[in-house]
Amino acid sequence: MYVELPEVGSKVEKSASKARPLRMAATTMALQTITSLITVVNNLQKARDLKQNQIEIESKKEKSDVEVLKSLNRIIDNAQEQIELVEKYIQELFTKVFTHRFRDCDENIRAACMTALGKWMMKHQLVFLTDFYLKYLGWSLNDKSASVRLEVLTALKGLAGSSSHLAMMDTFIGRFRPRLAEMLQDVSTEVVVEAIRLAAVLHEHTELDQEHMNVVTSLIMDKNPSIRTAAARATKTLMPTLT
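Student: I tried to follow the overall build of the protein chain on my own but got confused; where do I start?
Tutor: A tally of regular secondary structure across the protein chain gives 12 helices and 0 strands. For the protein chain, the sequential pattern of α-helices and β-strands runs α-α-α-α-α-α-α-α-α-α-α-α. The C-alpha radius of gyration computed for the protein chain amounts to 22 Å, which surpasses the reference 18 Å derived for 243 residues by more than 25%, pointing to a less compact arrangement than a globule. Counting only C-alpha atoms and orienting by the principal axes, one finds that the protein chain spans roughly 75 × 55 × 25 Å. Put simply, the protein chain has 243 residues, and 46% of those count as buried. For the protein chain, long-range pairs separated by at least 24 residues make up 68% of all intrachain contacts whose partners lie at least 6 apart in sequence. In the form shown here, the protein chain has an accessible surface area of approximately 13000 Å², with 54% of it arising from carbon and sulfur atoms.

Structural data, given as structure tokens:
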């Protein structure tokens, strides 16, 4: 399988344009390209692993076919070469586009970056669900735009639903737990609601400190009906700890 990679230069140049519509379009295209290429990498890895299994089966035969083994090894080598090529391209796009645009002056571009990063972490955990990439989510928890903060919380909530993901996020959660607690009192109702939902998901898989849980339960009396409803639902998951 041979992968034809698009040229990077034009995406990088346009994503840095002073014209916001062009910058947004180019950034969106670059982010989607990374998403698509992650799918390519995953498919290549599956194909490689399948051939590796075939080698193991063939090798266990009393009379292994040498030519078959050679052919399978060539396919595996080719797949690995393609994987490394695509991952290098992904890293180049990330470095030249994402690392600049996640702090763009346009909040829509910053939010798009957070949404994409969350997807990448779900689709390619071994590469993206690491402290190196998680720090971008952590930094953006303090974004001045509520829409960006909301996208970060939504991404974290999706990741926190898996114990295996949380195991890879242990350092991140420990570092940013105080900020996650602060967001339960955010000025944005939508952010508070999502922070409550994240707290509930986190509690299902790991312990929250008592102060964090107390804030969640206190929000049952909040004047905002959306916050009250979210807090009431979350409290159901917190009750075993509170009793």
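Back to the text.
Student: Even after reading the chapter, I still don't get the packing of aromatic side chains, so can you show me in this structure?
Tutor: The way to describe two aromatic rings as a pair is by their centre distance and the angle between their planes. All chains considered together, the criterion is met by 16 aromatic pairs. Summarising the aromatic geometry, the rings of Phe98 and Trp120 are spaced 5.8 Å apart at their centres and angled 55° between planes, so their arrangement reads as tilted. Within this pair, whereas Phe98 is found in helix H3 (residues 66-101), its partner Trp120 is found in helix H4 (residues 107-123), the two being separated by 22 residues in sequence. For Phe98, a relative accessible area of 1% puts it in the buried group. Among the residues examined, Trp120 registers a relative accessible area of 0% and is labelled buried. An angle of 90° between the planes, with centres 5.4 Å apart, marks the rings of Phe98 and Tyr136 as edge-to-face.

Student: For this particular structure, what's the right way to read the nonpolar core?
Tutor: Buried together is how nonpolar side chains tend to be arranged in soluble globular proteins. Within the largest apolar cluster, 66 residues are counted, with the highest numbers of intra-cluster contacts made by Phe98, Leu117, Trp120, Leu137 and Ile196. Top contributing element to this core by residue count: helix H10 (residues 189-205), with 10 residues. Setting aside residues up to four positions removed in sequence, Phe98 forms contacts with Leu31, Leu93, Cys113, Met114, Leu117, Trp120 and Tyr136.

Student: What am I meant to see in the pattern of salt bridges here?
Tutor: Side-chain pairs of opposite charge can arise where the charged atoms are in close proximity. On inspection of all chains with the given rule, the structure shows 9 salt bridges. Across the pair Asp104 and Arg23 runs a salt bridge, and its minimum N-O distance is 2.6 Å. Of this pair, Asp104 sits in the loop between H3 and H4 while Arg23 sits in helix H2 (residues 20-59), and the two are 81 residues apart along the sequence. With respect to burial, Asp104 and Arg23 carry one shared label: buried. Measuring nitrogen to oxygen at the nearest pair gives 3.3 Å for the salt bridge that ties Glu194 to Arg197.

Student: How do you make sense of H4 when you look at a structure like this?
Tutor: The α-helix advances 3.6 residues per turn, and as a result positions three or four apart in sequence lie on the same side. The end-to-end C-alpha separation of H4 is 25 Å, in line with the 24 Å expected for 17 residues at 1.5 Å each. Here H4 has its buried residues at Ile109, Arg110, Ala111, Cys113, Met114, Ala116, Leu117, Gly118, Trp120 and Met121. Here H4 starts with a cap whose side-chain oxygen sits 2.8 Å from the backbone nitrogen of Asn108, and that cap is Asp106.

Rules behind the numbers
- Residues numbered from 1 in each chain as written.
- Predicted model: local features only at pLDDT ≥ 70, side-chain atom pairs only at ≥ 80, totals over all residues.
- Heavy atoms only, no water.
- Helix = DSSP H or I, 4+ residues; strand = E, 2+ residues; numbered from the N terminus.
- Rg over C-alpha atoms; globule rule 2.2 N^0.38 Å.
- Buried < 20%, exposed > 50% of the residue type's maximum accessible area, 1.4 Å probe, protein only.
- Contact = heavy atoms within 4.5 Å.
- Areas by Shrake-Rupley, 256 points an atom, 1.4 Å probe, with all protein chains shown as cover.
- Phe/Tyr/Trp six-rings, centres within 6.5 Å; stacked < 30°, edge-to-face > 60°.
- Core = buried A, V, L, I, M, F, W, Y, C linked by side-chain atoms within 4.5 Å.
- Salt bridge = Lys/Arg side-chain N within 4 Å of Asp/Glu carboxyl O.
- Expected span 1.5 Å × (residues − 1).
- Polar contact = N/O pair within 3.5 Å; in protein donor to acceptor, adjacent residues only side chain to side chain.

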